[in-house]
Amino acid sequence: MSGFVKTDSRGDTSWTRTFGGANDDQGYTVQQTNDGGYIIAATTWSYGAGGADVYLIKTDTAGDTQMDENVRRSLDDYGICARQTRDGGYVVGGWNDVQS
């Protein structure tokens, strides 16, 4: 699981959230979206095809989950960075373990 904390400008906690499952899920970046929510790029070992999978989480302004998706492939895939695109979608960058 990965934990996230939102604070106000004084550093006082607005909300805290935990995302992921029972295994070693790791959040790498958080980006505020046009609607005031957040997009989180992460890697999950709890969900998917086994091994590491890209995990993308979208929250609303209160930190409540609106979407969570993962890329299920037989290779290990790591989601490191996410950004909102002009058309309102999202793009995720990362890396994978390429098997030769």
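The structure contained in this document is the topic of the report that follows. (Residues numbered from 1 in each chain as written. Predicted model: local features only at pLDDT ≥ 70, side-chain atom pairs only at ≥ 80, totals over all residues. Heavy atoms only, no water.)

Okay, the overall build of the chain next. Of regular secondary structure, the chain possesses zero helices and eight strands. The helix and strand sequence of the chain, counted from the amino end, reads β-β-β-β-β-β-β-β. Scaling as 2.2 N^0.38, a compact globule of 100 residues should have a C-alpha radius of gyration of about 13 Å, and the chain matches this with 14 Å. Overall, the C-alpha framework of the chain stretches about 50 × 35 × 20 Å when taken along its three principal axes. The buried share of the chain, taken over its 100 residues, is 30%. Counting only contacts in the chain whose residues sit at least 6 apart along the sequence, the fraction spanning at least 24 positions is 31%. Looking at the chain as shown, the accessible area adds up to about 5900 Å², and 45% of this sits on carbon and sulfur atoms. (Helix = DSSP H or I, 4+ residues; strand = E, 2+ residues; numbered from the N terminus. Rg over C-alpha atoms; globule rule 2.2 N^0.38 Å. Buried < 20%, exposed > 50% of the residue type's maximum accessible area, 1.4 Å probe, protein only. Contact = heavy atoms within 4.5 Å. Areas by Shrake-Rupley, 256 points an atom, 1.4 Å probe, with all protein chains shown as cover.)

Judged by pairing direction, the sheet is antiparallel, and its four strands sit side by side in the order β3-β4-β5-β6 without closing on themselves. The two strands at the open ends of the sheet, each matched to only one other strand, are β3 (26-32) and β6 (65-70). If you compare each strand with its neighbour and ignore which way they point, the axes differ by 15° on average. The sheet contact formed by strand β4 (residues 38-44) and strand β5 (residues 53-59) spans seven bridges and is antiparallel. (Pairing = 2+ DSSP bridges. Axes fitted to C-alpha atoms, helices over the stretch in contact; angles between N-to-C directions.)

Before going further, it helps to spend a moment on the pattern of salt bridges. Side-chain pairs of opposite charge can arise where the charged atoms are in close proximity. According to the stated counting rule, one finds four salt bridges in the structure shown. Note that D8 is salt-bridged to R10, the shortest N-O span being 3.4 Å. A residue is classified by how much of its surface remains accessible, and R10, at 67% relative accessible area, is exposed. Ionic pairing is found between D64 and R17, a salt bridge with its closest N-O pair at 3.3 Å. Placement of D64 in the loop between β5 and β6 and of R17 in strand β2 (residues 13-19) is noted, with a sequence separation of 47 residues between them. Judged by relative accessible area, which is 37%, D64 ranks as partly exposed. Within this structure, D8, R10 and D12 form a network of salt bridges that share partners. (Salt bridge = Lys/Arg side-chain N within 4 Å of Asp/Glu carboxyl O.)

Let's shift gears to the pairing of β5. Within β5, seven of the seven residues are buried, leaving the element largely enclosed by the surrounding structure. Every second residue of β5 is oriented toward a common face, with D53, Y55, I57 and T59 on one face and V54, L56 and K58 on the other, all of them buried. Pairing of β5 with β6 involves five bridges; the strand directions are antiparallel. Residue pairing in the sheet places Y55 in a bridge with N70 of β6.

Remember, this is a structural readout, not a statement about activity or role.
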